[in-house]
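Reading the structure
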Amino acid sequence: MRILFATPETCDFVQVGGLAAVSAALPRALLPLADIRIVVPGYPQVLHGLNNLEVVGDSPGFAGLPSFRVGKGHAADGMPYYVVMCPELFERPGSPYSDEHGVDWRDNDVRFATFSYAAAQIALGSIDKDWSAHLVHANDWQCALIPAYLEWSQRPLPSVFTIHNLAYQGVFSRDALPRLGIPAQSFHIDGVEFYDRLSLMKAGLVYASRLTTVSQTYAAEITTPEFGCGLEGILRKRAEKNELSGILNGIDESWDPRTCTSLTRTFDAGDWQGRSQNAKNIRRQFGLAVSRGPLFALVARLVHQKGVDLVIQNAKAIVDAGGQIIVTGKGEAQFEEALRQTQTSHPGAVAVRIGFDDNEARRIFAGSDFTLMPSRFEPCGLSQMYAQRFGSLPIGHRTGGLAETIQDGQTGFLFERPSSDGLLSSLCRAFSTFGARDRLDRMRRAAMGQAFSWTNSAKAYASLYQSTI
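Presented here is an overview of the structure given in this document. (Residues numbered from 1 in each chain as written. Predicted model: local features only at pLDDT ≥ 70, side-chain atom pairs only at ≥ 80, totals over all residues. Heavy atoms only, no water.)

1. Brief notes about the pattern of salt bridges
Filter applied, for reference: In what follows, salt bridge is the name for a side-chain nitrogen of Lys or Arg lying within 4 Å of a carboxyl oxygen of Asp or Glu. Each helix is a run of H or I in the DSSP string that is no shorter than four residues. Each strand is a run of E no shorter than two, and both are numbered from the N terminus. Accessible area is worked out with a 1.4 Å probe on protein chains only. A residue is then buried under 20% of its type maximum, exposed over 50%, and partly exposed in between.
Using the criterion set out here, one finds 22 salt bridges in the structure. In this structure, Arg28 engages Asp77 in a salt bridge whose closest nitrogen and oxygen atoms are separated by 2.6 Å. Of the two residues, Arg28 is situated in helix H1 (residues 18-30) and Asp77 in the loop between strand S4 (68-74) and strand S5 (80-85); the sequence distance between them amounts to 49 residues. The class of Arg28 is partly exposed, set by a relative accessible area of 24%. When the shortest N-O distance is used, the salt bridge between Lys72 and Asp128 registers 3.7 Å.

2. Observations concerning the sheet that holds strand S14 (residues 324-329)
Strand pairing in a sheet relies on backbone hydrogen bonds. The paired strands run either parallel or antiparallel. Cut-off, in case you're wondering: Only strands that DSSP links by at least two bridges are regarded as paired with each other. Note on method: axes are straight lines fitted to C-alpha atoms, helices fitted across the in-contact stretch only, with angles between N-to-C directions ranging 0 to 180 degrees.
A sheet is described by the order of its strands in space; here six strands give the open sequence S15-S14-S13-S16-S17-S18, paired in parallel fashion. Here the strands that pair on one side only, and so sit at the sheet edges, are strand S15 (350-354) and strand S18 (413-415). Going across the sheet, the axis of each strand differs from the next one's by a mean of 15°, ignoring polarity. With four bridges joining them, strand S16 (residues 370-373) and strand S17 (residues 393-397) adopt parallel strand pairing. When the sheet's bridge partners are listed, Leu372 is paired in S17 with Ile395.

3. Topic: the environment of Ser375
Going by this rule: We call two residues in contact whenever any of their non-hydrogen atoms come within 4.5 Å of each other.
In this structure, Ser375 sits in the loop between S16 and helix H14 (383-389). For the pair Ser375 and Ala300, spaced 75 residues apart in sequence, the C-alpha to C-alpha distance is 9.8 Å. The residues contacting Ser375, other than those within four sequence positions of it, are Gln305, Lys306, Gly307, His397, Thr399 and Leu402.

4. A word on the layout of surface pockets
Test applied: A 1.4 Å probe that fits but cannot get out identifies a cavity on a 1 Å grid over protein atoms alone, an open set with protein on both sides within 12 Å along at least five of seven lines counts as a pocket, and a residue lines either if it has an atom within 4 Å of a point. Grid points are joined across faces, edges and corners, and a volume is the space filled by probe spheres set on the points. Residues are grouped as follows: Ala, Val, Leu, Ile, Met, Phe, Trp, Tyr, Cys and Pro are nonpolar; Asp, Glu, Lys and Arg are charged; all remaining types, including Gly, are polar.
If you add up the space inside the second largest pocket, you get close to 460 Å³. Considering the residues around the second largest pocket, the lining is formed by 19 residues, among which Ser276, Ala279, Arg283, Ser291 and Asp369 are closest to the centre. For the lining of the second largest pocket, the secondary-structure elements that each account for two or more residues are helix H10 (272-285) and helix H17 (437-448). Here the lining of the second largest pocket takes seven residues from H10, the largest share from any one element. Looking at side-chain class alone, the lining of the second largest pocket contains six nonpolar, four polar and nine charged residues.

5. Brief notes about unusual backbone geometry
The phi angle at Ala63 is positive, at roughly 50°, despite the residue not being glycine. Tracing the backbone shows Ala63 in the loop between strand S3 (51-59) and S4. At Tyr195, a residue that is not glycine, the phi angle is positive and equals roughly 50°. Looking at the secondary structure, you find Tyr195 in the loop between strand S9 (193-194) and strand S10 (197-199).

6. As for the packing of helix H11 (residues 308-320) against helix H12 (residues 333-345)
Heads up, the condition is: Any angle from 65 to 115 degrees is called roughly perpendicular, while one under 35 is roughly parallel, one over 145 is roughly antiparallel, and all others are oblique. Each crossing is labelled by how the near helix is turned from the far one, with a counterclockwise turn of less than a right angle marking it left-handed and a clockwise turn marking it right-handed.
With their axes 11 Å apart at the nearest point, H11 and H12 run at an angle of 15° to one another. With respect to H12, the axis of H11 lies roughly parallel. Helix-helix and strand crossings are classified by hand; for H11 and H12 the assignment is left-handed. Together, Val308, Asp309, Ile312 and Ala315 of H11 and Phe335, Ala338, Leu339 and Thr342 of H12 make up the contact between the two elements. Tallied by class, residues from the contact of H11 with H12 come to six nonpolar, one polar and one charged.

7. Describing the sheet that holds S10
Here we have three strands laid out as an open sheet, ordered S8-S10-S9, and antiparallel in their pairing. Lying at the two open borders of the sheet, with one neighbouring strand each, are strand S8 (171-172) and S9. As paired elements, S8 and S10 share two bridges and run antiparallel to each other. By the bridge assignment for S10, Val171 is matched with Ser199. Helix H7 (residues 200-207) contacts S8, S9 and S10 of the sheet and is inclined by roughly 55° relative to S10.

8. Observations regarding helix H13 (residues 358-367)
Along an α-helix, a turn takes 3.6 residues, which lines up residues three or four apart on a common side. Formally: Polar contact is the term for a pair of N or O atoms within 3.5 Å; when the atoms are in protein, one must be able to donate a hydrogen and the other to accept it, and sequence-neighboring residues count only if both atoms are side-chain atoms.
With respect to burial, H13 is a largely interior element, eight of its ten residues being buried. Among the residues of H13, those classed as buried are Glu360, Ala361, Arg362, Arg363, Ile364, Phe365, Ala366 and Gly367. For H13, the N-terminal cap is Asp357; the gap from its side-chain oxygen to the backbone nitrogen of Asn359 is 3.2 Å.

All quantities given are derived from atomic positions and should not be read as evidence of function.
What follows is the structure, given as structure tokens:
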């Protein structure tokens, strides 16, 4: 099978969220099963990071979209990449989606429509004359127009569209339709219209051959009004036709405490002295006081979805009970400021670092006793998997992928309602477990023994590709 995997980010070069980790790991897991190539926008990090980059084709403008070139190159390990080269759209400072101040680019509709149109042309063999795809795997709203452009080109090609987070939909004014080359007749309730606006996410939901999301629980949740973000109707219809499925994400093999080079000291299950060296180091690195109490970690985007406010509300209870908290991440300004104030109120017990560094995150997982994940919804989640592999017991709301990957009372703790009291109930259980060393030892060993390999997920995707083709 020849598969084109389209993504707006990949941790080979540029990362904003968990999609980047998936986009680097899943295609590699699929390499033994398919001729798979990744296509990404031509951000500066990609252009500078690819090896043997050569231009393989170009395309004139389409509708109100600019012309572009397409390059082909390889990541350091040989993973093949296509890159859509359009300097005016992609060679900018800031993140893939926003400027240096975190403000979304006003022309994101044009940016990702151009990327999607280019990916569709690559898949159809119109760009690289030596390669075309049997199927396109598109990810999230930034790639959601790919199945639509294929449909509208009247050269339909099978497609799989994966929803990584339904809350981010890429909604724009209806005025964008002619600019993006979207047929006016597609602007209706069963097409791309969403409350009189244009939803790129909905285009993927309507036109893709098959839909997937990143856990079976989330696949069921998004067909309900509580989690469907206004799109539950179409998702329910696709599910009733067996065209929506959930395939759990995995994590790559680098998340192994026995070999991870980011750690102060590598360790295995049972080597708690080795693990404690990581705890001492991370406390020292973050300026926390020496303590025999439990260390709680929050490694997340600092947004409402992640339940950051619930952590802030419970911070005093954690500190009063003898615990400490490390927070790292970035997100909404209100939460960043509230966390800084929490740190000021509890010097030596709460440490906050705004920003994200992968190596530092690994050291936090390896040194913390518990990882806080009180997300209001969590399509899959990766941090709970990372935490368990490194012996940090996750505390999460029973939703989405958290419900599937945390065994309550065995590898972590789950609570039923995303509320301050709900989180507090699991915090009490965590403190109790920390004081019972035999139980803590059993849970850590069970957590570290969890298998979150991409192998099974890759087989499930390959089977889906084959049946869709």
